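Architecture at a glance
The chain contents come next:
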2 protein chains.
Amino acid sequence: MSVLIVGTTALDSIKTPKAENPRLLGGSASHAAVAASFFSPVKLVGGVGEDFPKKYIELYRKHKIDLAGLQFLPGKTFHWSGEYELNMNNRRTLATELGVIETFSPKLPKALQNVPFVLLGNIAPALQISVLEQMNQPKFVVADSMDLWLNIALDDLLRLLPRIDGFVLNDSEAHQLTKEDNVFAAIKKIHKLGPKYVIIKKGSHGSVLSGPKGFFICPAYPLHHVVDPTGAGDSFVGGMMGYLASAKGSIDANIRRAMVYGSVTASFCCEGFGLNATTKTKRADIEKRVKELEKLTRF
Amino acid sequence: MSVLIVGTTALDSIKTPKAENPRLLGGSASHAAVAASFFSPVKLVGGVGEDFPKKYIELYRKHKIDLAGLQFLPGKTFHWSGEYELNMNNRRTLATELGVIETFSPKLPKALQNVPFVLLGNIAPALQISVLEQMNQPKFVVADSMDLWLNIALDDLLRLLPRIDGFVLNDSEAHQLTKEDNVFAAIKKIHKLGPKYVIIKKGSHGSVLSGPKGFFICPAYPLHHVVDPTGAGDSFVGGMMGYLASAKGSIDANIRRAMVYGSVTASFCCEGFGLNATTKTKRADIEKRVKELEKLTRF
């Protein structure tokens, strides 16, 4: 089955202590869409400006991403630039130029309104709701978010949560949302806000799922060297949704394995700048790491 | 088989935002010995002062811990007092009264010199070496440590590392020792200092083993409420060594499962002040959580 993915389609200028990479293809939708494309057909919903490089359209096409929902708008593409510290964990934003994303409003062509799997990637919660309202009873809807929306659009986010099946956030955001330090206490409170499935991302410590079948502790693939973690969270949730859409059987029967596929796809994302390493990855590379993770966690 | 455990035998006064508990039984050897006692006979090596309460001797005896290596010394028992913040992750030391531990020197009775499994619990590395030098070719030796020894006794620690089989430390100590932010890069450097097995503790994120058979990602048991984490790391390594000493077959065949048993034993430790929850635990409670962890990590 197909996955519809909405989020930002951006240009990222990323600085690390070792290198500087201007105007890479980035944004939550780009990372999630490429990650999901390893497993299922993807329909991208987003907006880019007149300066959006043709080579990035070709990159989407190479991954067979359906661009019927991608709007080409007058103005400049959303541009983020940031800098990582030596430990690659702390980053600071150098500049954010919203460009076309400031007025972007997702419009779904008819053909996209019946897609069964929906990933509301990280973008303003009002836009996530707007996409949902244009959909025709999707089978499974997951939303991702970020601290920015907890700070400036909490009401919208709280309106979104009862309308989705799964919510993905990182541990510091879960703490911010619930005021609970303990991750399992936080999860309990987040379930009460609506979602049946809550997934907490913990970076290199892996992730935790809480769903109708209880908890799942999902490992991160052991990386000895991180080149650029930008987009890893988007790749995780994109890979997860792509795998879920490809799998036969119930969500509960597949979601653990889907998280592991997401985790492995995210590991490749971290090994190059922007989408450089992800786009070079083959499905067989992913399968190999999933098998390794199986061995690394058995006792 | 038996496990010999050396470390501190202390009185801990622990303050949390919710309660104050003076002069609990504590110290690395006490926590590790009780944890190991669920699985194997334990020989304790340590030193206490004249003020050491009789009820704590009875507690050791209840766990069938052999006290032939426990010295009763003139002076006061080592006393630590500390305070935890609301999130139970950050703690600060309020006072440290070394007492008899200042001049304590482990002396092993003949009967203890042939014990096959040795846990050099957290205590000055010079004392850990002194115990090793009194032993007669033990089968498997693991040492634990803490940031204090990295700061004030690094040379002794570096002399110890080539003489042990396994080294256990937490992620911030691994970073401090190797200057590597990436935990897997740090592990590589620690192997070069001697130990064939390196175990990195990551608190509620679990732990990672690196050994001759590769990595193992060991989960932490999901706790919804932590009462007092003091001694959790000692319980982890104590439970692990106790299980290893009880298991048939090679170290490599058993060490993953041993870490899971250690992890579960540590989870009980966190559910009460000092050793309160651990001493109430039954082997069957441990088995139940180990089975749960198996289910929580399978995909």
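For every chain, the first residue of the written sequence is number 1, and numbering continues from 1 along that sequence. Chains carry letters and ligands carry numbers; both start at the beginning, A for chains and 1 for ligands, and go up in the order they are written. It should be noted that, the model being predicted, local features are given only for residues of pLDDT at least 70 and side-chain atom pairs only at 80 or more, the latter also being counted only at that level, while totals for whole chains, interfaces and linings use all residues. Side-chain metrics rest on all non-hydrogen atoms present in the structure, leaving aside hydrogens and water.

Looking now at helix 9 (residues 251-269) of chain B. Numbering of helices and strands starts at the N terminus; helices are DSSP runs of H or I of at least 4 residues and strands are runs of E of at least 2. An expected span of 1.5 Å times one less than the residue number is assigned to each helix. Between its first and last C-alpha atoms helix 9 of chain B spans 25 Å; for 19 residues at 1.5 Å apiece the expected length is 27 Å, and the two agree. The classification of residues rests on relative accessible area computed with a 1.4 Å probe and restricted to protein chains. Under 20% of the type maximum is buried, over 50% is exposed, and intermediate values are partly exposed. Of all 19 residues in helix 9 of chain B, 15 are buried; the element is thus mostly enclosed.

For Phe, Tyr and Trp, where Trp contributes only its six-membered ring, two rings pair if their centres lie within 6.5 Å, and the inter-plane angle classes them as stacked under 30 degrees, edge-to-face over 60, or tilted in between. Applying the stated criterion to the full structure yields 20 aromatic pairs over all chains. Centre to centre, the rings of Phe-52 of chain A and Tyr-60 of chain A are 6.2 Å apart; their planes meet at 15°, and the pair counts as stacked. Taking relative accessible area as the criterion, Phe-52 of chain A reaches 8% and is therefore assigned buried. Since its relative accessible area comes to 0%, Tyr-60 of chain A is described here as buried. An angle of 85° between the planes, with centres 5.5 Å apart, marks the rings of Phe-39 of chain B and Tyr-261 of chain B as edge-to-face. With Phe-39 of chain B in the loop between helix 1 (28-36) and strand 4 (42-48) and Tyr-261 of chain B in helix 9, this pair connects stretches of sequence that are 222 residues apart. Accessibility expressed as a relative area gives 10% for Phe-39 of chain B, which makes it buried.

What follows concerns the sheet that holds strand 3 (residues 20-26) of chain B. Residue and element names in this part refer to chain B. Here we have four strands laid out as an open sheet, ordered 3-2-6-7, and mixed in their pairing. What marks the edges here is a single partner per strand, and that holds for strand 3 and strand 7 (91-97). Put simply, the sheet's adjacent strands are angled 20° from each other on average, direction ignored. Any two strands with at least two DSSP bridges between them are considered paired. The sheet contact formed by strand 2 (residues 10-15) and strand 3 spans five bridges and is antiparallel. Looking across to strand 3, one finds that Leu-11 is bridged to Leu-25. Note on method: axes are straight lines fitted to C-alpha atoms, helices fitted across the in-contact stretch only, with angles between N-to-C directions ranging 0 to 180 degrees.

Another point: the pairing of strand 12 (residues 207-211) of chain A. Residue and element names in this part refer to chain A. Buried residues dominate strand 12, accounting for five of its five residues. Alignment of strand 11 (residues 197-201) against strand 12, held across four bridges, turns out to be antiparallel. Counted as the bridge partner of Ile-200 is Val-208 from strand 12. Hairpin connection from strand 11 to strand 12: five residues lie between these consecutive antiparallel strands, with Gly-203 at a positive phi of about 60°. Here strand 12 folds back onto strand 13 (residues 214-218), and the loop between the two strands holds two residues.

Our focus in this paragraph is the interface of chain A and chain B. On the side of chain B, 29 residues touch chain A, which itself brings 29 residues to the contact. For the pair chain A and chain B, the summed buried surface comes to about 2,700 Å²; carbon and sulfur atoms form 61% of the total. Any carboxyl oxygen of Asp or Glu that lies within 4 Å of a side-chain nitrogen of Lys or Arg is treated as forming a salt bridge with it. The interface formed by chain A and chain B includes zero salt bridges. Whenever a nitrogen or oxygen atom comes within 3.5 Å of another N or O atom, the pair is scored as a polar contact, on the condition that within protein one atom can donate a hydrogen and the other can accept it, and that pairs from neighbouring residues in sequence are kept only if both atoms are in side chains. The interface formed by chain A and chain B contains 12 residue pairs in polar contact (both at pLDDT 80 or more). We call two residues contacting when some pair of their heavy atoms lies within 4.5 Å. What counts as buried area is the accessible surface, traced by a 1.4 Å probe, that two parts surrender upon association, with contributions from both included.

Here the focus is unusual backbone geometry. Positive phi outside glycine occurs at Lys-179 of chain A, with the angle close to 65°. Checked against the element boundaries, Lys-179 of chain A lands in the loop between helix 6 (171-178) and helix 7 (183-192). On the accessibility criterion, Lys-179 of chain A (65% relative accessible area) is exposed. In this structure, Arg-23 of chain B is a non-glycine residue whose phi angle is positive, near 50°. You can see Arg-23 of chain B is positioned in strand 3.

Residues and elements named next belong to chain B. Tallying each qualifying case throughout the model produces 20 salt bridges over all chains. For Arg-163, the salt bridge identified is with Glu-133, shortest N-O distance 3.3 Å. A residue pair is termed long-range when its members are at least 10 positions apart, and Arg-163 in the loop between helix 5 (154-160) and strand 10 (166-170) and Glu-133 in helix 3 (residues 125-134) qualify at 30 residues. Exposure remark for Arg-163: the relative accessible area of 40% places this residue in the partly exposed category.

At an RMSD of 0.0 Å, chain A and chain B line up after a rotation of 180° and a shift of 0.0 Å along the axis. Interpreted geometrically, this transformation is the action of a two-fold axis. Closest to the rotation axis within chain A is the C-alpha of His-205 of chain A, separated from it by 3.0 Å. For this overlay, a least-squares fit was computed on C-alpha atoms, restricted to residues scoring pLDDT of at least 70 in both copies.

On average, chain A scores 96 in pLDDT, and the residues at 70 or more come to 100%. Prediction confidence for the complex, expressed as pTM and ipTM, is 0.96 and 0.93 respectively. pLDDT expresses, on a scale from 0 to 100, how confident the predictor is about each individual residue.

This part takes up the side chain of His-31 of chain A. Locating His-31 of chain A in the fold gives a position in helix 1 (residues 28-36). Residue contacts for His-31 of chain A: discarding those within four places in its chain leaves Leu-25, Gly-26, Thr-230, Gly-231, Asp-234, Ser-235, Cys-269, Gly-274 and Leu-275 of chain A.

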